[in-house]
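Chains, contacts and geometry: an overview
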Amino acid sequence: MTTGAVDLNADLGEGFGVWTLGDDDAMLDIVTSANVACGFHAGDPATLRRVCRSAVERGVQIGAQVSYRDLAGFGRRFIDVSTEDLIADVMYQIGALSALASAAGSSVAYVKPHGALYNSIVTNRQQAHAVAEAVHAVDPGLPVLGLAGSVFFTAAKDVGLTTVAEAFADRAYRPDGQLVSRRERNAVLHDVDEIADRVLTMVTTGRVTAVDGSTIPITVESVCVHGDSPGAVQIATAVRKRLIAEGVAVRAFR
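Here is a short report on the structure shown in this document. (Residues numbered from 1 in each chain as written. Predicted model: local features only at pLDDT ≥ 70, side-chain atom pairs only at ≥ 80, totals over all residues. Heavy atoms only, no water.)

We now examine the pairing of strand β3 (residues 61-66). In terms of burial, β3 is a largely internal element, six of the six residues being buried. With burial as the criterion, each face of β3 is covered, one bearing Gln61, Gly63 and Gln65 and the other bearing Ile62, Ala64 and Val66. Alignment of strand β2 (residues 33-37) against β3, held across five bridges, turns out to be parallel. Note on β3: the bridge partner recorded for valine 36 is alanine 64. Since β2 and β3 lie parallel, the crossover through helix α2 (residues 45-58) that links them has a hand, and here it is right-handed. (Buried < 20%, exposed > 50% of the residue type's maximum accessible area, 1.4 Å probe, protein only. Helix = DSSP H or I, 4+ residues; strand = E, 2+ residues; numbered from the N terminus. Pairing = 2+ DSSP bridges. Right-handed = clockwise from strand over helix to strand, strands pointing away.)

Below, the structure written as structure tokens:
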């Protein structure tokens, strides 16, 4: 029987006004960490407040999911933003969610970049250092979630931040360990059983099959299931059940 533990996270609070995206309450019954939108790519204050309260009720830790200022594009478009602006934008987002989390009786426990910003700072040193500097300026004790081997993790370690390596349950990987762009076919996986098997393999062996059929190493301290994916609740449920059935504890990394 396999032993060990892993965190399970999801992007939540991404509705806006009358538009609902994903089932936040159902996902909060499954995950151990909630990457809560901060209003720049999705989420409005009332929604974020409600998600923070629900997370506290269920004992789920709250993370600030920071992004480019891109509400229309859901934060999935690269923006060539200046260092100073990006630092301020990230600090602002963490601060906004911190107030809502505090009022709910909790606090922001970590920071995870979203969408295009997440992907950009895998290789973009300027933006990677800006995000790391922003997090450090707000609270040097805040861990950051990201991709192992990224320049963001190098930048984070340079300023003394704790890094938490995550893997994606429902996203395809390139042979170099980066995610396949959502613009390409088969970038997002949908088969529930296949995803559950894949996550178990990643967590227990530290390997994943890339789109070209090669097997590549992967570091997994947290597994992300996208809350806005079709069948997200079913996928997250299957992943959690499969891990626990194989002796892997599912718990927050902090």
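Having seen it, we continue.
The nonpolar side chains of a soluble globular protein tend to be buried, and buried together. Core analysis: the biggest nonpolar cluster contains 79 residues, and Leu97, Val135 and Tyr173 have the highest contact counts within it. Residue contacts for valine 135: discarding those within four places in its chain leaves Val90, Ile94, Val111, Pro140, Leu142, Val144 and Leu161. (Core = buried A, V, L, I, M, F, W, Y, C linked by side-chain atoms within 4.5 Å. Contact = heavy atoms within 4.5 Å.)

On the surface, Phe16, Val18, Trp19 and Leu71 cluster together into a nonpolar patch covering about 470 Å² of accessible area. Structurally, tryptophan 19 can be placed in the loop between β1 (5-12) and α1 (24-28). (Patch = residues over 30% accessible without salt bridge, like charges linked within 9 Å, V, L, I, M, F, W, Y side chains within 5 Å. Areas by Shrake-Rupley, 256 points an atom, 1.4 Å probe, with all protein chains shown as cover. Salt bridge = Lys/Arg side-chain N within 4 Å of Asp/Glu carboxyl O.)

Relative to the helices and strands, threonine 32 is located in the loop between α1 and β2. For threonine 32, the side chain forms a polar contact with the side chain of aspartate 7, separated by 2.6 Å. If near-sequence neighbours (up to four positions away) are discounted, threonine 32 is found in contact with Asp7, Leu8, Val60, Gln61, Arg240, Val250, Arg251 and Ala252. (Polar contact = N/O pair within 3.5 Å; in protein donor to acceptor, adjacent residues only side chain to side chain.)

This paragraph deals with the packing of aromatic side chains. All told, the structure shown has five aromatic pairs when counted by the stated rule. Residues phenylalanine 40 and tyrosine 92 carry aromatic rings whose centres are separated by 5.8 Å and whose planes lie at 35° to one another, so their mutual orientation is tilted. Pair noted here: phenylalanine 40 is in the loop between β2 and α2 and tyrosine 92 is in helix α3 (residues 83-103), with a separation of 52 residues, a long-range link. For tyrosine 92, a relative accessible area of 57% gives the class exposed. (Phe/Tyr/Trp six-rings, centres within 6.5 Å; stacked < 30°, edge-to-face > 60°.)

This part takes up unusual backbone geometry. Despite not being glycine, phenylalanine 74 has its phi angle at roughly 55°, a positive value. Within the fold, phenylalanine 74 resides in the loop between β3 and α3. Exposure remark for phenylalanine 74: the relative accessible area of 16% places this residue in the buried category. The backbone phi angle of asparagine 186 is positive, close to 60°, even though this residue is not glycine. If you trace the backbone, asparagine 186 turns up in the loop between β6 (163-168) and α7 (192-205).

Running from N to C, α7 and helix α8 (residues 232-245) point in directions that differ by 45°, and their axes come no closer than 9 Å. Relative to α8, the element α7 is oriented oblique. The interaxial crossing formed by α7 with α8 has right-handed handedness. Contact residues: Val192, Ile195, Ala196, Asp197, Val199, Leu200 and Val203 in α7; Gln234, Ile235, Ala238, Val239, Arg242 and Leu243 in α8. Grouping the constituent residues of the contact of α7 with α8 by class yields 10 nonpolar, one polar and two charged. (Axes fitted to C-alpha atoms, helices over the stretch in contact; angles between N-to-C directions. Parallel < 35°, antiparallel > 145°, perpendicular 65-115°, else oblique. Left-handed = near helix turned anticlockwise from the far one by under 90°. Nonpolar A, V, L, I, M, F, W, Y, C, P; charged D, E, K, R; others polar.)

It is worth spelling out α3 at this point. When the terminal C-alpha atoms of α3 are compared, their 31 Å separation across 21 residues agrees well with the 30 Å that a helix rising 1.5 Å per residue should span. Where α3 is buried, its residues contact β2, α2, β3, β4 (108-113), α4 (115-120) and α5 (125-138). Where α3 ends, the next residue or the one after it, glycine 105, has phi of about 95°, a positive value. (Expected span 1.5 Å × (residues − 1).)

With that settled, the discussion passes to the pattern of salt bridges. Throughout the structure, instances matching the rule amount to eight salt bridges. Linking aspartate 197 and arginine 242 is a salt bridge whose minimum nitrogen-to-oxygen distance equals 1.9 Å. One end of the pair, aspartate 197, is in helix α7; the other, arginine 242, is in helix α8, and 45 residues separate them in sequence. For aspartate 197, a relative accessible area of 38% puts it in the partly exposed group.

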